[in-house]
2 protein chains.
Amino acid sequence: MSDFTPPISDIRFLIHDVIGLDTVSNLPPYGETSADLVDAILEEAGKFAASVLAPLNRVGDQEGAKLLEDGTVRTPTGWNEAYAQFCEGGWQGISAPESEGGMGLPILLGAAVAEMWQAANMAFALCPMLTSGAIEALTAHGSDQQRELYLSRMISGEWTGTMNLTEPQAGSDLSKVRSTAVLQEDGSYKISGQKIFITYGDHEMTENIVHLVLARTPNAPAGVKGISLFIVPKYLVSDNGEIGARNDVTCVSLEHKLGIHASPTAVLQFGDKGGATGYLVGEEGKGLAYMFTMMNNARLAVGQQGVAISERAYQQALKYANTRKQGRDAKTGEEVPIAVHGDVQRMLMRIRSSTDAARALSLYAAAQLDLAHHLPDNQDRAAAQARADLLIPLVKGWATDIGVDNASLGVQVHGGMGFIEETGAAQHLRDARIAPIYEGTNGIQALDFIGRKVLRDQAAALMAMLADIKETIHGLKDIDETSDLAKARRELDHAIVDLENSTDCVLERCAADADMAQVLATPYLRQAALCISGWLMLRSLGAVNNTETPEDLRKAKTKSCMFFFTQLLPEAAFMATQIRNCTETELL
Amino acid sequence: MSDFTPPISDIRFLIHDVIGLDTVSNLPPYGETSADLVDAILEEAGKFAASVLAPLNRVGDQEGAKLLEDGTVRTPTGWNEAYAQFCEGGWQGISAPESEGGMGLPILLGAAVAEMWQAANMAFALCPMLTSGAIEALTAHGSDQQRELYLSRMISGEWTGTMNLTEPQAGSDLSKVRSTAVLQEDGSYKISGQKIFITYGDHEMTENIVHLVLARTPNAPAGVKGISLFIVPKYLVSDNGEIGARNDVTCVSLEHKLGIHASPTAVLQFGDKGGATGYLVGEEGKGLAYMFTMMNNARLAVGQQGVAISERAYQQALKYANTRKQGRDAKTGEEVPIAVHGDVQRMLMRIRSSTDAARALSLYAAAQLDLAHHLPDNQDRAAAQARADLLIPLVKGWATDIGVDNASLGVQVHGGMGFIEETGAAQHLRDARIAPIYEGTNGIQALDFIGRKVLRDQAAALMAMLADIKETIHGLKDIDETSDLAKARRELDHAIVDLENSTDCVLERCAADADMAQVLATPYLRQAALCISGWLMLRSLGAVNNTETPEDLRKAKTKSCMFFFTQLLPEAAFMATQIRNCTETELL
C-alpha cells in the first residue's frame, strides 16, 4: 500500500550532473568521497529506508508514542529494532567528523540520505534529526570533556539528543524563557523549569538521552543575552562515562497531535525534586547564539521534510492514479486509469515538479554548508556561508509549504479513498502539517530572510546569487530559440528581472518604514524561492541534454522542468504583484 | 475554546446591501419575506448554531460515529438531542415548499442559514444537507404517493434522507454502477448491491431513513442511461404511513476518516437476504438525470462548507492571535499579541478576505436558484438557471479549495499549539479536507465548468455575466480616482480583460483539441471564481460607502475588499499565465 521507492536516480542526477560532486568532494576533508562511494552510500541508505523504515510508517501512526503509567515512554512496534539497525549502519554519524567517530562525509550527502529517512518515515527520522542538532552544538561549543563523555555516544547513536528551547510562554520569542540554572559548588548547575514540544523528549530506545536545555542563570540580564545552554542528561554520567542515577527530569505528558504520532512530543519537567543536574556549554549568556550556529542544519533538515513528504505523496498518488480506472478513452471506448486524464496529470505534475525544484534547492544549500566549512580561502568560505544563510530560510519556508500542498494534492488524487485513513495518503498530510511550524515558523523564516539575509547586507548576498543566475542565463549560447531550453531561459530571465524589482521595492519601503518587512516577508520569500530553484531547474534542463542521462530520466526531467517554467514559476510574478501592491502597512 | 459567533452582520450586509433582498423577496412564492423576517430567522438560526451545534463540534470529533456489535450506528453524545431540537425549530424545511409543510423561504435564506450550521458543526450539518438533497429529488420527481408517504416526514426532519450513488468501482464515473433492481409483481423492485461513502447511511436519531439509490434494471442499456433511481426505506412503510419490517439493507462498516468523524460514512449492503424492497422514482433509465436536478443545491451546499470552515478557522485564529503574546512593540517595549505582527495579519487577512469573497459568491449563486425557479418570465428563468449553472461549480470548486487553505492557515497562526488536537484548529483542517472531494471532486467541477458551462454554449452565459460585471465597473461614475473604490475598479477591470482573453484561449484551443479542456480546466475555474467574486467584492465596497453601514463593519469590509483587490485577485493573472502557457496537452 505505502511502498516507498528511494528516489536515487533523481538524487544522483542532482549531485553528479547539476550541483557537481566535485564542488564538495575536492574539499580537504572529503578527499576520498568518490562518485562510486556516493552511489554506494545512496544505495545502502535507500535500501534501509525502503525495507526497514517505510514499512513502519503506518503502524507508527496508528499506535503512536505512549506515556505509560510507570512514567516511561513507549515507541511503536518495531521502533527499537529499526533504531538499533540505524545505529549499526553508522547512519547517525554520516556527516560527523571522522575524528569524533563519524563517517566524515559531505553535508550534501548527509542531506541526500536524510531526505530518504524522512520520506520513508518522518516520525522515526525526527529522532536522528534532533540528535544531529545536538551533535552539531556540542561539536562546536562543548568542552573537551563534554565531547568525550557525550559526543561519540551520540554520533554512534548509542544515546540520542534533544533540543529544549520552547516553554509555554516562550515560542517564537525565546527572550521569554524562564527556566533557571543555579551554579553549584561542584561547578554543575541545578536546572528547573518546564519545556514543551520536546521531540523525542523521552523514550526507551537508548539507555540515555542528552538534553540540551536553554535556561537563565540568576542575575543574568533580561532578554536573550541572559540565556545559557546546558547539557542535562536523562541519567547522570560519571567522569569515566558510566551511567549513574536518574536525573531530575520527568516526562509529564505527551502531546496528542495531528500527525507524526510516533514521535513522542514531550512536556519535560526539570527540577521537581530539587533541580536537575546540568552542565554549562561554553560561556554563560551565549545559549541562544550557540543555538543559532546549529540552526542552519536543523532548518535545512526540516525543509527537506517538505521535499520528502512530497516525494512520498507523489509516489502514492501516482500508483493509485495508474491503477484506479474511471472514464473511458474517447476514441477506443476502453476504460482508462485516471492518470491519463489531463486534470489528474496536472495534479501529479504539480507535486512532481515542485518536489524536484525544492530538492534541487535543498541539496544546493547543503553543498553551500560544505563549502562554508571547508573552502581553503577565508573570503570564499564567508561567501559560501552568506549564500547558505540566504538559502536556508527559503528551503525551510518554501519546501515545507509545498510539502503541505503536495500532501493535500496527493489526497485529492485519491478522491474519496484519500479521505480514508487506511489508504495512507491522509497521514502524509497530517505529518506534513508540522513542518511549516516547528524549527521557526515559516513566518519567522520569512522575517529571517527579509531582515537578516537581505536588509542587513543591503541584498549583497542575494545580488551575488543573482549574478550567478544571470551568468547561467546569458551563458547559454547557440541554442535553438524554439527549444525547451530557450523557452525556459526566457521565463527565468523575466522572473529574475521581477525579483530584482521586488528587491528594490523591499529595500526602499523597508528603509522608509521598518514595519513593512513584516508585511512583505512572506510573498518575498516565496518569490525568491521560486526564482532561485528555477535556476537549478534550468541547470537541470541543460544537464539532461548534455550528460549521458538515461532516456527515461531525461524525459521525466524535461517534463518536470518545463512544467515548472510554464506552470509554477509564473507564481513568482503573482508574488511580485502582491509586494508591489503593498504600499502601506495598514493594508493588512 | 471553540466558541462560534454567527457572522450575522456579514450575512445581513450581503443579503440586504449587496445582493439585495428584493431581488428574491418579490418573487411570487416569497411575498411575505420581509427584511424583518429575514433578520429574525438569521438571529434564531445563529443562536441555535452557536449554543447547540458549536459546543458539540469537538466531542463529535473525539467520539466519532460508531458501528456497535448489534449492528446499530451510534452518533456522539448530544447528537440525538441536538437533532431533535433542529427538527423542533423546523429548520430542515426552511426552503421547502409550504404546501409540503416547509417554511417556503427563499433558497438564499436557506443557504445563509445552512452556512451557519456548517460552521458550527460540519459533521452534524451533513445530515440535514443530505436530507435536503433527497427532499429536492422527491419534490421534483416523486409520485404523489411517494411525496405523501416520505416527503413531509423528511421536511419535518422526522426521517432523514441519504444519497446512494458511489460503489467501489463507480466514483466519478457513475456509468459503472452495478447495483441491480428487479421488478416484482407488486410493482416494487428488489435492490441488490453495495454502496460506499454513504453519508449518515445509518444512525438511530430518527425512526426511519429514506435511502435514494441508483441501480440498474435487467436489460437496461449499458452506461448512464441504464441507471434508475429508487426509494429504499430502512424500514418498510405501509400505505397509510406506518413503519413496518426492517428492509434488507445493512450498514456493514463505517469508514475511519481523516475528518468529520461524527458523520457516519457507511458501507451499505442491499439485498443480502434476498433483496431490499425499493420503489422506482419517476421513469426507468432517468436516475442520473434526476440526480443532476438536485446537484446544484448539493454542490452549492458543499461549497458553503468551504466558506463555513473558513469562517470558523478565522474566528479561532483571530482569538488566539489576540491573546497570545510574543515579541514586543519596537517603540514602547511592551509585550504585544501576535495579531499586531504584519505577517500574522497577512495570514488572518488571507482567511478573512477570501471567506468574504466566497460567501458573497455562494449567496449570489443561491439567489440565482431562486430566480431560476420563480421569475415570471420563461426567458428570465432560463437566464437565471444558466447563471446558477455557471456559478455553482465555481462555488463548489473554489470555496472548498480555499476552505482547506484557510483551515491550514488557521493552524499556522496558532504555531505549535495548532498542531495539538486539543486546540481544535487541526480539526477544521481535517474536516475541511473532504469538501474538495465529495459531491464531485474539484477536478470534476472544473471539467463541468469548462465543458458544460462554457464550451457547450460557447461562453454565452459567461459573457452575459461579464457584461453585468462591466456594467458595474463602467457604471461607477464621478468617483475620486485616488479612492479605494477607484483602485479596486481598476484591478477588477484588468482582471476581467484577462478573463476574456483566457476564455478566447480556452474556446480556441479546445476547438482544436478536445483534450485541452482537461488540461486547462482547473486554472480556468480558479481564474473565473476570483474574477466573479471580485465583482461582488467591488459591489460590497461600493455598498459600505453608500448605505448606513455601521462604522466597524464599514472599516472591516473596506479592509477585506482592498486586501482582496491588492493581494488575492492578482492570482487570477497567474492562472491566466498558466492557461496561456498550456500550448500542448503533452505539457502535463
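Residues numbered from 1 in each chain as written. Chains lettered and ligands numbered in written order. Predicted model: local features only at pLDDT ≥ 70, side-chain atom pairs only at ≥ 80, totals over all residues. Heavy atoms only, no water.

Caption draft 1: A look at the overall build of chain A. Helix and strand counts for chain A stand at 18 helices and 14 strands. The C-alpha atoms of chain A give a radius of gyration of 24 Å, which matches the 25 Å a tight globule of 588 residues would have. For the C-alpha atoms alone, the extent of chain A along its principal axes is close to 80 × 55 × 55 Å. Looking at chain A as a whole, 64% of its 588 residues are labelled buried. Here the analysis covers contacts within chain A between residues at least 6 apart in sequence; of these, 74% occur between residues at least 24 apart. In chain A, which carries 50 positive and 74 negative side-chain charges, the distance between the mean positions of the two groups comes to 5 Å. (Helix = DSSP H or I, 4+ residues; strand = E, 2+ residues; numbered from the N terminus. Rg over C-alpha atoms; globule rule 2.2 N^0.38 Å. Buried < 20%, exposed > 50% of the residue type's maximum accessible area, 1.4 Å probe, protein only. Contact = heavy atoms within 4.5 Å. Lys, Arg positive; Asp, Glu negative; His and termini not counted. Charge placed at Lys NZ, Arg CZ, Asp CG, Glu CD.)

Caption draft 2: Just helix H5 (residues 79-88) of chain B, in detail. All names here are of chain B. Those residues of H5 lying buried are Trp79, Ala82, Tyr83, Phe86 and Cys87. Mapping the buried residues of H5 onto a view down its axis gives an arc of 140°, with all of them on the same face. Of the surrounding secondary structure, the elements contacted by the buried residues of H5 are helix H3 (35-53), helix H4 (57-63), helix H6 (107-120), helix H7 (122-141) and strand E3 (160-164). Positive phi appears at glycine 90, one or two residues downstream of H5, with a value of about 75°. (Arc of directions from axis to C-beta.)

Caption draft 3: Structural detail: the side chain of serine 188 of chain A. All names here are of chain A. Tracing the chain through its elements places serine 188 in the loop between strand E4 (180-183) and strand E5 (189-199). The buried category is assigned to serine 188, whose relative accessible area is 5%. Within polar-contact distance, the side chain of serine 188 engages the side chain of aspartate 186 at 2.7 Å. Not counting residues within four places of it along the chain, the set of residues in contact with serine 188 comprises Val182, Leu183, Thr277, Gly278 and Tyr279. (Polar contact = N/O pair within 3.5 Å; in protein donor to acceptor, adjacent residues only side chain to side chain.)

Caption draft 4: Summary view of the domain arrangement of chain A. Residues and elements named next belong to chain A. When the domains of chain A are assigned, the result is domain 1 (8-155), domain 2 (160-287) and domain 3 (441-588). Computed over C-alpha atoms, the centres of domain 1 and domain 3 are 31 Å apart. Taken together, the contact between domain 1 and domain 3 spans 7 residues of the former and 9 residues of the latter. A combined buried area of about 620 Å² lies between domain 1 and domain 3, and 66% of that area is made up of carbon and sulfur atoms. Considering only the surface of domain 1 that becomes buried against domain 3, Phe13, Asp17 and Val18 emerge as the three largest contributors, covering 72% of it. Linking domain 1 with domain 3 are 1 salt bridge. The closest approach of N and O atoms between lysine 557 and aspartate 10, which form a salt bridge, is 3.6 Å. At the junction of domain 1 with domain 3, the criterion picks out 1 residue pair in polar contact (both at pLDDT 80 or more). Each residue belonging to the side of domain 1 that touches domain 3 can be placed in one class, and the counts come to 4 nonpolar, 1 polar and 2 charged. (Domains from an automatic or database assignment. Buried area = accessible area lost by both parts, 1.4 Å probe. Salt bridge = Lys/Arg side-chain N within 4 Å of Asp/Glu carboxyl O. Nonpolar A, V, L, I, M, F, W, Y, C, P; charged D, E, K, R; others polar.)

Caption draft 5: Structural view of the relation of the copies chain A and chain B. Superposing chain A onto chain B takes a rotation of 180° plus a shift of 0.0 Å along the axis, which leaves an RMSD of 0.0 Å. Read as a symmetry element, the transformation amounts to a two-fold axis. Among all residues of chain A, the minimum C-alpha distance to the rotation axis is found for phenylalanine 574 of chain A, at 2.9 Å. Both copies contact each other with a shared surface, as 100% of the interface residues of chain A are interface residues in chain B too. (Least-squares fit on C-alpha atoms with pLDDT ≥ 70 in both.)

Caption draft 6: Quick look at the pairing of strand E3 (residues 160-164) of chain A. Most of E3 of chain A is tucked away: 5 of the 5 residues are buried. Here E3 of chain A shows two buried faces, one formed by Thr160, Thr162 and Asn164 of chain A and the other by Gly161 and Met163 of chain A.

Caption draft 7: Here's a closer look at the pattern of salt bridges. Residues and elements named next belong to chain A. All chains considered together, the criterion is met by 60 salt bridges over all chains. We note a salt bridge from glutamate 167 to lysine 195, for which the minimum N-O separation is 2.9 Å. Taken together, the positions of glutamate 167 in the loop between E3 and E4 and lysine 195 in strand E5 put the pair 28 residues apart, joining distant regions of the chain. By relative accessible area, which is 2% here, glutamate 167 ends up buried. Under the relative-accessibility criterion, lysine 195 is labelled buried at 0%. Within the structure, one salt-bridge network assembled from shared partners comprises Asp10, Glu115, Glu311, Arg352, Asp356, Arg359 and Lys557.

Caption draft 8: Up close: the environment of isoleucine 338 of chain A. Residue and element names in this part refer to chain A. With respect to the helices and strands, isoleucine 338 occurs in the loop between strand E14 (335-337) and helix H10 (342-374). On the basis of relative accessibility, which here comes to 9%, the residue isoleucine 338 falls in the buried class. Separated by 152 residues in sequence, isoleucine 338 and arginine 490 have C-alpha atoms that sit 33 Å apart. Not counting residues within four places of it along the chain, the set of residues in contact with isoleucine 338 comprises Tyr320, Ala321, Arg324, Gln326, Val344 and Val413.

Caption draft 9: Spotlight on helix H17 (residues 551-568) of chain A. Counted at 1.5 Å a residue, the expected span for H17 of chain A with its 18 residues is 26 Å, and the 24 Å between its end C-alpha atoms agrees. Lining the buried residues of H17 of chain A we find helix H1 (8-19), H10, helix H15 (484-512), helix H16 (516-546) and helix H18 (571-581) of chain A together with helix H18 (571-581) of chain B. (Expected span 1.5 Å × (residues − 1).)

Caption draft 10: Up close: the packing of H15 of chain A against H16 of chain A. Residue and element names in this part refer to chain A. Here H15 crosses H16 at 155°, and the two axes come no closer than 10 Å. It follows that H15 is roughly antiparallel to H16 by the angle criterion. As for how H15 packs across H16, the hand of that crossing is left-handed. Tallied by class, the residues present in the contact of H15 with H16 amount to 17 nonpolar, 5 polar and 4 charged. (Axes fitted to C-alpha atoms, helices over the stretch in contact; angles between N-to-C directions. Parallel < 35°, antiparallel > 145°, perpendicular 65-115°, else oblique. Left-handed = near helix turned anticlockwise from the far one by under 90°.)

Caption draft 11: Summary view of the nonpolar core. The biggest cluster of nonpolar side chains holds 352 residues, and the ones touching the most others in it are Trp117 of chain A together with Leu42 and Trp117 of chain B. Apart from the residues lying within four places of it in its own chain, the contact partners of tryptophan 117 of chain A are Ala45, Phe48, Ala49, Leu53, Phe86, Trp91, Met122 and Ala125 of chain A. (Core = buried A, V, L, I, M, F, W, Y, C linked by side-chain atoms within 4.5 Å.)

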